[in-house]
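Now for the letters of each chain:
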Amino acid sequence: MIIEMKNIRKQFGDLEVLKDISFGVDSGEVVSIIGPSGSGKSTLLRCATFLETIDGGEILYMGQHAAHTDASGKAVYVHHRELQKFRSYCGLVFQQFNLFPHYSVLKNLIDAPVEVQHRSKEEAEETAMELLRKMGIADKADAYPYQLSGGQQQRVAIARALAMKPEILFFDEPTSALDPELTGEVLKVIRQLAEEKMTMVVVTHEMPFAKAVSNRVIFMAGGVIVEQGTPEAVFDNPKEERTKQFLRVFER
Amino acid sequence: MLGTMAAGMLRTCGIFALTLLGSLPLGMVIALLRKSRFTVVRGIIRGYISIMRGTPLMLQLLVWYFGPFYLFGWSIRGWRFPALIIGFVLNYAAYFAEIYRGGIESMPVGQYEAAEVLGYSKTQTFMRIILPQVIKRIMPSVTNEVITLVKDTSLAFTLAYQEVFSLAKQISASQTSFMPFVIAGVFYFIANYVVAYAMELIEKKLDYYK
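These lines cover the structure that appears in this document, whether it is placed above or below. (Residues numbered from 1 in each chain as written. Chains lettered and ligands numbered in written order. Predicted model: local features only at pLDDT ≥ 70, side-chain atom pairs only at ≥ 80, totals over all residues. Heavy atoms only, no water.)

Brief notes about helix α8 (residues 179-205) of chain B
In a regular helix each residue adds 1.5 Å, so 27 residues correspond to 39 Å; α8 of chain B covers 39 Å between its end C-alpha atoms and thus fits that length. Along α8 of chain B, the residues that are buried comprise Pro180, Ile183, Ala184, Phe187, Tyr188, Asn192, Val195 and Met199 of chain B. (Helix = DSSP H or I, 4+ residues; strand = E, 2+ residues; numbered from the N terminus. Expected span 1.5 Å × (residues − 1). Buried < 20%, exposed > 50% of the residue type's maximum accessible area, 1.4 Å probe, protein only.)

As structure tokens, this is what we get:
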């Protein structure tokens, strides 16, 4: 397994956002996480990518512990130097893109590989251009983010994450900030990555997309995994009442 | 008369340059200390900023100059210029620190998060991602402050430092002439014109992104 999260607990003040959640992702798998807002989907991704610290549970990447729970029940992370290694295993695509506006598209893609991973500039540029070609925006290499449409910016953000050569890529509602006519180009790119067997976890509200592209669908509500299974099982034959209720909203 | 005043202008430029040289970087140090995780440090910095902003610069200059004598009985011979620069630098650093802090706090949290996920260290994040964007955001406020400084250098007259304003006053009194004031006024105006122009050039240079 690429990532394994066991018995994850996370609280914000008195609010329990994640209640004993366990899930894992195998190499080449595409997992969609669906659910109502406030169900903890984004928090789960943020815990997996170390933007949030868990209160309890275990996080493993490639079978190695990044965090575990000690005898007193508190989550303990590895030393922050070692955590950098775990960070390099995962990439995250944000809802709001979060590109660096003062860097050109190409610089957005090569800065971290060069400065953080100490790869050569030539190699990083080569990788970056290849990714931009794949995203259909090779002609935008010298443009600045503000000159691009939302869909193009999000494709740059995906390329930036891939430029780090992660083992797994997380998407936090990648199309929610886009105009409807621009979501297609981003979803197309993710679908293409799925065909290339990139390991991915996508938090999304695009149900037809989730159904078409994922190997497994997880339905979350109220900080727990209510139901999971193949897209057919979850979308066409949901077992839980909560799932049926949620999916009904999308059928209208 | 012109020769004397030209020497005064040079001294004014000296105060201006040394103050910027000291206060621009010091302001950044103070802005970062202002966000320190130690409560004591934050408290000290807050107190310092509020004193610097809450009392007249003219008074501060007098304290820096005469303080050593009144407090410790030290001789203050040769202390005039150092006291002047210390006073200006510490005062302007407080203002710059607040401008920097405003700029840093206006940065969207998404920039920090994107950098964190990409594995940038805290220092790399600040130096490569945050600071360049902060500089662009604070340019208009910095310009304002720098223009104020050009005019504030005239406060050096309180310590009888022979910069252009002190000299203008002296010469005007001794020669019963209005001319020195006109010359001083033109000098300040031109100096600020140059400053405004230079700052505009820098802003234009940073205009390549939004």
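A look at the sheet that holds strand β7 (residues 90-93) of chain A
Residues and elements named next belong to chain A. The strand order across the open sheet built from six strands is β7-β8-β9-β3-β10-β11, with neighbouring strands paired in mixed fashion. Each edge of the open sheet is held by one strand with a lone partner, namely β7 and β11 (224-229). On average, each strand axis in the sheet is tilted by 20° relative to the strand beside it, whichever way the strands run. With four bridges joining them, strand β3 (residues 30-34) and strand β10 (residues 216-221) adopt parallel strand pairing. (Pairing = 2+ DSSP bridges. Axes fitted to C-alpha atoms, helices over the stretch in contact; angles between N-to-C directions.)

Here's the deal with the environment of isoleucine 45 of chain B
Relative to the helices and strands, isoleucine 45 of chain B is located in helix α2 (residues 39-54). Residue isoleucine 45 of chain B is classed as buried on the basis of its relative accessible area, which comes to 9%.

Thoughts on the side chain of serine 32 of chain A
Its place among the elements puts serine 32 of chain A in strand β3. Those residues in contact with serine 32 of chain A that lie beyond four places of it in its chain are Val202, Ala210, Ser214, Arg216, Val217 and Ile218 of chain A. (Contact = heavy atoms within 4.5 Å.)

So, the packing of aromatic side chains
Counted by the stated rule, this structure contains 22 aromatic pairs over all chains. The interplanar angle of 70° and the centroid separation of 5.2 Å between the aromatic rings of phenylalanine 69 of chain B and tyrosine 70 of chain B together place this pair among those described as edge-to-face. Since its relative accessible area comes to 40%, phenylalanine 69 of chain B is described here as partly exposed. Members of the aromatic cluster, connected to one another through ring pairs, are Phe50, Tyr61, Tyr77, Phe86 and Tyr89 of chain A. The ring of phenylalanine 100 of chain A has arginine 160 of chain A sitting right over it, with the charged end atom 4.6 Å from the ring centre. A cation over an aromatic ring shows up here: lysine 136 of chain B above the ring of tyrosine 209 of chain B, its NZ or CZ 4.6 Å from the ring centre. (Phe/Tyr/Trp six-rings, centres within 6.5 Å; stacked < 30°, edge-to-face > 60°. Lys NZ or Arg CZ within 6 Å of the ring centre and 35° of its normal.)

Remarks on the interface of chain B and chain A
With 18 residues of chain B at the interface, the matching set in chain A holds 24 residues. Regarding the contact of chain B and chain A, the summed buried area is about 2100 Å², with carbon and sulfur atoms giving 57% of it. Broken down residue by residue, the surface that chain B buries against chain A is led by Val117, Leu118 and Arg128 of chain B, which jointly contribute 31%. Where chain B packs against chain A, one counts 13 residue pairs in polar contact (both at pLDDT 80 or more). Elements with a minimum of two residues in the side of chain B that touches chain A: α5 (109-117) and α6 (122-152) of chain B. A per-element tally of the side of chain B that touches chain A places α5 of chain B first, with seven residues. (Buried area = accessible area lost by both parts, 1.4 Å probe. Polar contact = N/O pair within 3.5 Å; in protein donor to acceptor, adjacent residues only side chain to side chain.)

Here we look at the environment of glutamate 125 of chain A
All names here are of chain A. By the secondary structure assignment, glutamate 125 is in helix α4 (residues 121-134). Measuring from C-alpha to C-alpha, the distance between glutamate 125 and alanine 143 comes to 15 Å, with 18 residues separating the pair along the chain. Once residues lying within four places of it in the same chain are set aside, the contact partners of glutamate 125 are Leu106 and Ile110.

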